[in-house]
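# Structure at a glance
Here are the chains, one letter per residue:
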Amino acid sequence: MAETIVITGLADGMGREVAKLLAAGGDNVAGFDVDKEKINSLKKELEGLGGSHLLSVMDITDRKGILKFRDEVLEKYGRVDTVMSNVGIGFFGPFEEVSLEKALKCLEINVIGCAAIFQAFIPALRKQGGGKLIAMSSLVGRIPFPFESVYTASKFAVEGLVLSMRLELSPFNIRMAIIEPAQVSTSFAAKIHTLPPEGSPYRERASRFINRDNEMIKTAPTPDAASRKIYKIVKKAKPALFNQVDFKSSWFLFINRFMPVKLRDQILMGVMDIKP
């Protein structure tokens, strides 16, 4: 039986690949993104794959638009089986030098955007007897990375949101899941990697971090490989609460459970080539 899956931020990257896998399997895909050109091209791709789709061009900060989108989805399909919050932006820079106005935008999109799409669909999931809410987080949602303090804060917040919500929603058979990739070989990191200005006391270490990150991205899972693992999580009736799509994330999170913080931090600084 075809399921109806809602995905935010599905015009590019892993969201797009997951949408295509779902359509190919005969599921209904509903979602939105700010990128009009890529949404239109995704529509054409989905038309040739199967299932049904309802795609819109919209910003995750458009609260009224989200509610209208929800109503359109429920009117067309009658129910929703899974809602995956996939929209998000990165944020890079030494905290001393970041713009707090830009930081607020990151938190608005990554945290409140996730909250908004979940809140919009919870009543329908509750009334129909259950469903799944899946949040795209990150390795940094549990292991803080230097020069990514604001992004790290946003992902810690997303994970805290989900962990709290699941206790409220479990009586209604609404399951929660978190996906925590470390790196995927997309342009996501390249879009945010900006060196601190000349004269910054952080410039040299930040440069080493960026160089190391770029090297690691070369061997990171492709969007296609990562999306196949995400697809399996989306399709599971009872997905695990915490999910990773690559060995690196699983390894770091495993040692994070047992290793003293000081030792973990030393390993992290060494891996990212930013020891003082």
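Described in the following lines is the structure provided in the data block.

### A closer look at the sheet that holds strand S6 (residues 174-179)
- One open sheet holds the seven strands; their spatial order is S3-S2-S1-S4-S5-S6-S7, and the pairing between them is parallel. Edge positions in the sheet fall to strand S3 (53-57) and strand S7 (242-243), since each of these pairs with one other strand and no more.
- Relative to S3, strand S2 (residues 28-33) runs parallel, the two being bridged by five bridges. By the bridge assignment, Gly-31 is partnered in S3 with Leu-55.
- In the packing of helix H3 (residues 63-77) onto the sheet, contacts are made with strand S1 (4-8), S2 and S3, and the angle to S3 comes to roughly 165°.
- Running over the sheet, helix H4 (residues 100-128) touches S1, S2, strand S4 (82-85), strand S5 (131-136) and S6 and is turned about 175° from S5.

### Focus on the side chain of Ser-137
- Position of Ser-137 among the secondary structure elements: in the loop between S5 and helix H5 (149-169).
- Among the polar contacts listed, one links the side chain of Ser-137 to the side chain of Glu-159, at a separation of 2.8 Å.
- Filtering out sequence-adjacent residues up to four positions away, Ser-137 remains in contact with Lys-155, Glu-159, Ile-178, Ile-179, Glu-180 and Pro-181.

### Let's talk about the pattern of salt bridges
- Applying the stated criterion across every chain yields a total of 15 salt bridges.
- Where Arg-16 meets Glu-45, a salt bridge forms, and the shortest distance between an N and an O atom there is 2.6 Å. Here Arg-16 is found in helix H1 (residues 13-24), whereas its partner Glu-45 is found in helix H2 (residues 36-47), with 29 residues between them in sequence.
- Of the residues examined, Glu-45 reaches a relative accessible area of 31% and is grouped as partly exposed.
- Salt-bridge contacts for Asp-27 lead to Lys-235; the nearest nitrogen and oxygen are separated by 2.8 Å. Residue Asp-27 is found in the loop between H1 and S2, and its partner Lys-235 is found in helix H8 (residues 223-235); the two are separated by 208 residues along the sequence.
- Given the relative accessible area of 28%, Lys-235 is considered partly exposed.
- Put simply, Arg-16, Glu-17, Lys-20 and Glu-45 are held in one network by salt bridges that share partners.

### Some words on the environment of Val-6
- On the secondary structure map, Val-6 appears in strand S1.
- Spatially, the C-alpha atoms of Val-6 and Asp-81 are 8.2 Å apart, while their sequence positions differ by 75 residues.
- The residues contacting Val-6, other than those within four sequence positions of it, are Ala-30, Phe-69, Val-73, Val-80, Thr-82, Val-83, Met-84 and Phe-121.

### Let's talk about the packing of aromatic side chains
- Tallied over the entire structure, the rule returns six aromatic pairs.
- With centroids separated by 6.4 Å and ring planes inclined at 80°, the aromatic side chains of Phe-69 and Phe-121 adopt a geometry described as edge-to-face. One end of the pair, Phe-69, is in helix H3; the other, Phe-121, is in helix H4, with 52 residues separating them in the sequence. Each of the two residues, Phe-69 as well as Phe-121, counts as buried.
- Measuring from ring centre to ring centre gives 6.0 Å for Phe-92 and Phe-147, while their planes differ by 40°; the resulting arrangement is tilted.

### Some words on the state of the cysteines
- This structure, assessed with the given rule, holds zero disulfides.
- Distance from the sulfur of Cys-106, which forms no disulfide, to the nearest cysteine sulfur (Cys-114) is 13 Å.
- Since its relative accessible area comes to 0%, Cys-106 is described here as buried.

### A closer look at unusual backbone geometry
- The phi dihedral of Asn-173 falls on the positive side, at around 60°, and the residue is not glycine.
- You can see Asn-173 is positioned in the loop between H5 and S6.
- Even without being a glycine, Asp-273 presents a positive backbone phi close to 60°.
- Among the secondary structure elements, Asp-273 is positioned in the segment after helix H10 (261-271).

### Examining the pairing of S6
- Counting buried positions over the six residues of S6 gives five, a clear majority of the element.
- In the sheet, S5 pairs with S6 via six bridges, with the strands oriented parallel. When the bridges of S6 are listed, Ile-134 appears paired with Ala-177.
- In this view, the connection linking S5 to its parallel neighbour S6 by way of H5 has right-handed handedness.
- Where S6 lies against S7, two bridges are found, and the strand directions are parallel. Note that in S7 the partner of Ile-178 across the bridge is Phe-242.

### Observations regarding the side chain of His-53
- Mapped onto the secondary structure, His-53 falls in strand S3.
- Judged by its relative accessible area of 19%, His-53 falls in the buried class.
- When neighbours within four sequence positions are excluded, His-53 is seen to be in contact with Val-29, Lys-43, Leu-46, Glu-47, Lys-76 and Tyr-77.

Analysis parameters
- Residues numbered from 1 in each chain as written.
- Predicted model: local features only at pLDDT ≥ 70, side-chain atom pairs only at ≥ 80, totals over all residues.
- Heavy atoms only, no water.
- Pairing = 2+ DSSP bridges.
- Helix = DSSP H or I, 4+ residues; strand = E, 2+ residues; numbered from the N terminus.
- Contact = heavy atoms within 4.5 Å.
- Axes fitted to C-alpha atoms, helices over the stretch in contact; angles between N-to-C directions.
- Polar contact = N/O pair within 3.5 Å; in protein donor to acceptor, adjacent residues only side chain to side chain.
- Salt bridge = Lys/Arg side-chain N within 4 Å of Asp/Glu carboxyl O.
- Buried < 20%, exposed > 50% of the residue type's maximum accessible area, 1.4 Å probe, protein only.
- Phe/Tyr/Trp six-rings, centres within 6.5 Å; stacked < 30°, edge-to-face > 60°.
- Disulfide = S-S within 2.5 Å.
- Right-handed = clockwise from strand over helix to strand, strands pointing away.

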